[in-house]
Every structure is written in structure tokens, then in C-alpha cells.
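Residues per chain are reported as follows:
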Amino acid sequence: MMPGMRGTLPPSITLPLRALLLAWVFAVLPGLGWAQPQSQSQAQAQSQAAQDAAPLPDIADLRDQLAKLPSAADTSGDMRGLMGQIAAIGAQADKFIAARTGQLNDLNARLGELGNPPPAGTSEDPDITRQRALLTKERNAVDADVRLARLVVVDAQQRGNDLLNKRRELFEAQISERSASPLGRTFWRELAEAWPDDVDRLQALGSEVKAGAARARQDAHRGPVLLTLALALLLVTVGNLLAERGLVLLAQRLLPGGRLRRSLLVIAIVGANMLIVALALRTLVSVFDARGLLGTQTRELAKVLTSSLLFMTFVVSLGRALLANARPSWRLPPIPDPMAKRLRAFPLLAALTMVLVWVPAQINALIDASLAAVVATHVITALALTGLIAAMLLRLRGPKPHDAADGADSSGPVPLEGADAPPAAPAPHERPLWVAMLLGAITLVLIAIWVLVGMGYVALASLLAGQLMWTGIVACAFYVLFKFADDLFMATVSAKSGFGGRLQKSFGFAPATLDQAAVVLSALARVALFFYMVIALVAPLGTDPGEVFQRSGQFGAGVKIGEFQLVPSAIFSAIGVLVAGFIALRVARHWLQERYLPTTTLEAGMQSSLTTLLGYAGGILVVAFALSALGIGINRIAWIASALSVGIGFGLQAIVQNFISGLILLAERPVKVGDWVVLGTTEGDVRRINVRATEIALGDRSTVIVPNSEFITKTVRNMTLANAEGRVLIRLPMPLNTDAQKVRELMLAACSAHSGVLATPAPSLTLEGIEHGQLIFQAIAYVPSPRLAGGVKSDLLFTMLEEFRKAGLALAVPTMVMAAPLPSSPAAGV
């Protein structure tokens, strides 16, 4: 093993525990910063405030500071400090660039107002010339400073990447180093030889602990220390119990029944337990420090124990909340009750095991323990964690079916004859194939870790064991967060929720639209959570949380694809602009359609056309604003449009033609909503004019979708374009000896008596002539709408025929000519 590993912490244990709560706290509990002493948090806040209020740094000073920094570091702590200094220099340079960029834009705008210099041989006002020269000089100086600052940022990023690569190379070298196998004598001999020196190193720490205990037993400190210990213990035990019960009662009373109540209760229980424990530990450490009970090493040991107890609280509370043995109906994961009971003790066992293997590693670093002690710590870590995981796998297998059957047969009384048989035992839950494959893979990893320990690769074995345990904890934590994100949006945005119902009533959203929005928002939240889950999972692999989040910050700064800078914050801004814009557009359309337009004198078709045009124009503006928020300017949009022009000209020609035709229909309004049109063999009412096609409702209640270009390029008969009145035409044949005057009176009387016939223009009747020995009478009446013509005509015919029968007037009978059959030919029978 490398000498550089002497006194260092095993990366498989220290790094997961340092990164334990970052993703959880980042997603749910941003206020948990209790693990740090008050003085340190105040110092960080004051330092941040001082940096914000400080004047802009000098670029030359920043370059000198960056040049004076060493290019390498000996220890992990020195490397983290060096990376922090480099990051601070880069942040100051970014601050300088942001401030000077605004100044540079202002100078460019002022120079643009002055215009370009006059051509040679012409003159201008000397004041303008002098002002342009001063502004140009100032602009060039600011531009040079911005360029230098950008070089400093690039140099700082390069230095930081070099340090990260060196640190990773050192980490890879450490975990691949082979030491003496614990199965051989060399391992135990080296441990025995180093034992006296390690005990001597522990004496200094033990002396500080004894001195602090002796000071705590003094009369001046005994009472406050004992009181603080009692209060902290009471807060951790009784306080957590009361907080959990109170949260359950609040969830039952305030939250509606459903999945959100369960997932939110798990998060609330974990957060409340950690908050209470952190408050107790913070108070205890503050009192000990104020009473002078902590020395240099014991203060570091107190930080180690504080982190350990917080870690235990997190794992135990998360495991208890997920298993929910006290409230099976509130259990979030689909775990059967017998399995949940079998796993009841494992959250506490997992937390204790990881703490018991982590604290010795921290003490090794604190006292600068020997190499043999570090190797032994690796061995204990690998064996303890893998043993715990193996025991958990055995528990997951459950009792064997024949054992359960034997136990059932041997216990309990035998039912009497004729009595009801006891209910059959439920069938065992069939395990999915992917679960079986996952358990098999974990078993293979455990075997590989044991083999590595036996071969002497203890650092690698310790890393794999810690990573395996850490992966399980991260999976459980983010399982809760995934469920919470899904339940939150389904319970607040979907059409079945109360808030979704109010959105549906207020803005007119369709239920399917709200359900789709809930699914999309849940997917976006899951993607963001997945990103931080990956960060939490890779944290133990040779990096610490600060480094991982620093690298994640590079993704936050954007990913360049070609000439386009894809920034995650810009993506979320664009999504926000789209959501807010379309909601505002829907509200405006609803107000225009329901409140304003009905108060005008515009007809219904014109109101529908205006609302549709507003929707098109507003949608285009919202999309343009979203593209602008995404960082796509007008020039890029024009470039994309020109690139797509060829495709539009060929493949999308019909779609574009129909779209333009729809705009023409809405603008010129030869056909509007509510018109009765005849297009070829299609006849019906125009119900809706869409972007691409128009919907026509036929008389049989079916709907015909007609492309908009058909109304522009073909002949259309609009029955209600200029005049909404309809005409009823009735032609009746009568014999030649009919009393024409009587027929005229009866037909006009029938038209005038009908309530659907308009008085103006008045009904009319004409004698068209004599056809085939019959008198042809034609009556014309007008109705309010062409849609009423068919019904009114039927009513008039029934009335006229009845009046003719009463008056003894008969209609003409068609003349039928009967032709005799031709005689058969004599040759036909031959």
C-alpha cells in the first residue's frame, strides 16, 4: 500500500458519509445546516456578505493570486483547500466579467447613438468627435479587462481540472495497491508491531477526553452539563416520538386521503427527526465548547460523533418510515407485512454498522495512525458491511414454504367435523425477475469483496462494500423523493384533485389537459431528481460532495452544442415562460370570448374568428418569448426557418397551404362559424375553423373535416353569407278544370297561418303554366333560417293537402301510357 495512505480515511466510508444528506437536503430540507457550529456558519455568512459587498477585484491581482498558488497538494485536506481558493478566484473573475459586461454594453450603445465617424473629407461637430474618441478609448479598456478576466476564468478552470485529475489518479493508485492478506501471518505481525505506537498516539486523545470529563465534574460545570445531557436525551427520545405522532395526526386532519399523504409523511418524519437530533447535538456541543470541555482533538472528535449521530438518525428514521410496521396501511413501498417485520431491525443495524466502521477510520486520521491500523480498518469495514448485507439478503428470502406448512400443521387445534375449515393461507408473493437478478448480482459482488479481502486488496474491497451500502441508502432516499414528486403533481394538478377542479372551472382546461400537465411536471421533477441521484451515487468514487456539486455547476453553466449554449436554467425558464404564457393566453381568450365580445354588436361568427386569431397570434408570441428565454435569438430563428424552407416547399406544402387558407378564411370571412355551406356533395353547418381544416356538421349529426384550401380554390355555396333567411318553394300540379282562384287562396292562407313563415317578405303564389295538361302552381315563402326550410315545407304540404281534401280539390294524376306486348315471332319457336 502506498505511504500516502498513512493516516488517511478510507474513501469508501468517509466520502459517502460526508455526502450523506446533500441530495436529500438539497431537494427537501434546505434548512438543515445544524451539523456545523454556530461560529462557523456565522463566519461563512459574514464572508459571503463581505464578498457581495466588496468592490470589484483587480484582474492583475487575481492573476497574481492564481500564479502564486501551488500546482499540487500533499494531503486531501490541502487539495480541497487549494481547489476552494481556485474556485474563489474564478468566482471573483466571473463577478468582474458580469459587472464589466454591462458597462461594455452601455458604452457600445452610447457609441451607436453617436454614429460612425464621418467619411474622409467631411467634418462634424468637434464635441461629437471628442466624445466619440473618449468613449472608444474607454470601451477598448473595458473590453481588454473583460478579455483578461475571461482568460483568468479559463486558467482557473484548467487548474481545477488538473487538480481533480491528480486527485483521481492518487485515489485509483490507493485502491489498487495490495497489502498483506488478513489470512496470512504478515498482516497480524505488522498489526502487532504497530499496536504500541498506535496506543501511544491514542493517549493524547484519551488525555483530552479525561481532562474534559474532569472539568465537567467540577462544581461549576456539573449542573449545566448534566442538565444539557438530560435535555438532549429527552429531546432525542421523547421529542422524536411526540413529533412523529403529531405529524401523523396532522397528516390525517389536514391532508386528503391518497398517496401524497403517505409520501409527505415519510419526508416529514425524516426531516423532523433530523431537525430534533441536530438541535440537541448543536446545543450539547455548544455547551461543551463554552464550558471549555473540548480540546483540539476532542473538538474534532465531537464533529465526528455529531456527523455519525446525524447519519444514524437519517438511516433509522428513513428505514422506519418506509417499513411503517406501526402503520401498515401507510406503508409507501409495496412490501408485504411479514417481510416488513423481518426487516424491522435492519435500519438500526445498518446505521450502527456504518458508524462503528467510520468512527475508527476518523480516529485513525485524527491521531495519524499507522499503516497497519488503516489496513485493519479497511478489513473491518469490508467484512462488517458485507456481513450486514448478506444477513439482509437472507432475511429477504423469508421462510421456506415447507417450513411454513409444517409449522401450520403442527400448531393449532384440529377443526371438528362439520365445522368450517380455516381460511387457506395466502399464496406467496411471486418475486419479479428483475428483483431476483438484482439479488443475484449483489450476492456475486459480496463474494468478490470477500475474495479481494483474502487476496489483500483491502482498500478496493472496503470501497466496494461502502459503495454497495451507500447505493442502497441513496436508492431508498430517492425512492421517497420520486414518489413524492409524482404524488404531489397528481394530487394538485390532475383533474381529479381539488385544485385541478378549480383550474378546470376557472380557466376551462380539459380534464385530459390537466392530467397530461401533471404527468409532464412529474416527469420533469423526476429528471431533476435523477440528476442529483447520480451525483449522490458517484460521490464516493474518489470525490467529495463539494467537488461533485462543483462539477454539476459546470452543467448548470451550460453545455455547448455546436454554436448553441444549452443552459439548464434557461430550459426551465423557457418551460416557465411557455406555461405562464399559455395560461395567460387562455385567460385572455376566456375573458374576450365570455365577457367582452358578447357586449359588442359583432355576430357570433365574427366573435369566434377574433378569438381564434388571438389564439394564433398569442401562441406565436409565447413560443417566441420561450425561444428568447432559451437563448435562441431572432437571427437563429431566421436561420432555422431558411433551413426548413426547402422541406416546407416540398414535404409541407399542403400543410402550409391549408394554414394560409385558414388565415384567409378568418380574415376575409367568406365562410364563418355558423354558416350553412354547400361544398360539392357536402352540405351542413360550419362548426369550427382550425389551423389546417374546417369542421362541418351534417344533418345526420356526423362531422366532415374539410381542408381549408378547399374553401379557397373551389366553388362554395354559402346559404347564409349575405342573408340569413331561408326560402320554401312548393310546386303542385292541378287538373285543368280546377278553380285556380280557390287554390290560390288556400295555399296563401296555409303559408300565412304558419308561425315559421315570415310576414316580410310576404308569401307569394304564381301560376307557372300548363304542363302535360296540368296547371302548375308555385308558392314561395320565407323563413328566418335556411335550416328551418325543410320542416316548414313539410308542415305546409300537410296543411295544403288537408285543405284541398276539404274543398274537394283533387291533385292531378299522372298520365300513364299502357303499351300492348308485341306478338311473338313465328320463328321464335323453331
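For the structure, see preceding data.
What this report covers is the structure whose coordinates are included nearby.

**Quick notes on the packing of aromatic side chains**
Item 1. In the structure shown here, the tally under the stated rule is 4 aromatic pairs.
Item 2. When the ring of phenylalanine 478 is compared with that of phenylalanine 482, the centres are 6.4 Å apart and the planes differ by 50°; the resulting orientation is tilted. One end of the pair is phenylalanine 478 and the other is phenylalanine 482, both in helix α16 (residues 458-492) and 4 residues apart, which spans about a single turn.
Item 3. The class for phenylalanine 478 is buried, based on a relative accessible area of 3%.
Item 4. Residues tryptophan 591 and tyrosine 596 carry aromatic rings whose centres are separated by 5.7 Å and whose planes lie at 15° to one another, so their mutual orientation is stacked.
Item 5. Looking at tryptophan 591, the relative accessible area reads 48%, which means it is partly exposed.
Item 6. Under the relative-accessibility criterion, tyrosine 596 is labelled partly exposed at 43%.

**Digging into helix α9 (residues 259-290)**
Item 1. If you check α9, its first and last C-alpha atoms are 46 Å apart, about what 32 residues at 1.5 Å a residue would give, namely 46 Å.
Item 2. Looking at the residues trailing α9, positive phi occurs at glycine 292, about 75°.

**Quick word on a nonpolar patch on the surface**
Item 1. On the surface, Leu383, Leu444, Ile447, Trp450, Val451 and Met455 cluster together into a nonpolar patch covering about 560 Å² of accessible area.
Item 2. Tracing the sequence through the fold places methionine 455 in helix α15 (residues 433-455).

**Focus: the pattern of salt bridges**
Item 1. Scanning the entire structure with this criterion turns up 17 salt bridges.
Item 2. For aspartate 198, the salt bridge identified is with arginine 201, shortest N-O distance 3.0 Å. Within this pair, aspartate 198 and its partner arginine 201 are both found in helix α7 (residues 185-216), separated by 3 residues, close to a single helical turn.
Item 3. The class of arginine 201 is partly exposed, set by a relative accessible area of 23%.
Item 4. Counted as one network, the salt bridges with shared partners bring together Glu244, Arg320 and Arg327.

**Some details on helix α10 (residues 296-323)**
Item 1. For α10, spanning 28 residues, the distance from its first C-alpha to its last is 41 Å, which sits close to the expected 40 Å at 1.5 Å a residue.
Item 2. Taking burial as the measure, the 28 residues of α10 include 20 buried ones, the bulk of the element.
Item 3. Positive phi shows up at alanine 324, right after α10, with a value of about 50°.

**Let's talk about the sheet that holds strand β9 (residues 764-771)**
Item 1. One open sheet holds the 3 strands; their spatial order is β8-β10-β9, and the pairing between them is antiparallel. In this open sheet, the two edge strands, each paired with only one partner strand, are β8 (726-735) and β9. On average, each strand axis in the sheet is tilted by 20° relative to the strand beside it, whichever way the strands run.
Item 2. Of the strand pairs in this sheet, β8 and strand β10 (residues 774-783) are connected by 10 bridges, and their pairing is antiparallel.

**What to know about the packing of helix α12 (residues 346-367) against helix α13 (residues 371-397)**
Think of two packed helices as two axes; the pair is described by the angle between the axes and how far apart they sit.
Item 1. Between α12 and α13, whose axes approach to 9 Å, the crossing angle comes to 175°. By the criterion of interaxial angle, the relationship of α12 to α13 is roughly antiparallel. Between α12 and α13, the residues in contact are Phe346, Leu349, Ala350, Thr353, Met354, Val357, Ala361 and Asn364 and Ala373, Val374, Thr377, Ile380, Thr381, Ala384, Leu385, Leu388, Ala391, Met392 and Arg395, respectively.
Item 2. Taken together, the residues of the contact of α12 with α13 break down into 14 nonpolar, 4 polar and 1 charged.

What counts, and at which threshold
Residues numbered from 1 in each chain as written. Predicted model: local features only at pLDDT ≥ 70, side-chain atom pairs only at ≥ 80, totals over all residues. Heavy atoms only, no water. Phe/Tyr/Trp six-rings, centres within 6.5 Å; stacked < 30°, edge-to-face > 60°. Helix = DSSP H or I, 4+ residues; strand = E, 2+ residues; numbered from the N terminus. Buried < 20%, exposed > 50% of the residue type's maximum accessible area, 1.4 Å probe, protein only. Expected span 1.5 Å × (residues − 1). Patch = residues over 30% accessible without salt bridge, like charges linked within 9 Å, V, L, I, M, F, W, Y side chains within 5 Å. Areas by Shrake-Rupley, 256 points an atom, 1.4 Å probe, with all protein chains shown as cover. Salt bridge = Lys/Arg side-chain N within 4 Å of Asp/Glu carboxyl O. Pairing = 2+ DSSP bridges. Axes fitted to C-alpha atoms, helices over the stretch in contact; angles between N-to-C directions. Parallel < 35°, antiparallel > 145°, perpendicular 65-115°, else oblique. Contact = heavy atoms within 4.5 Å. Nonpolar A, V, L, I, M, F, W, Y, C, P; charged D, E, K, R; others polar.

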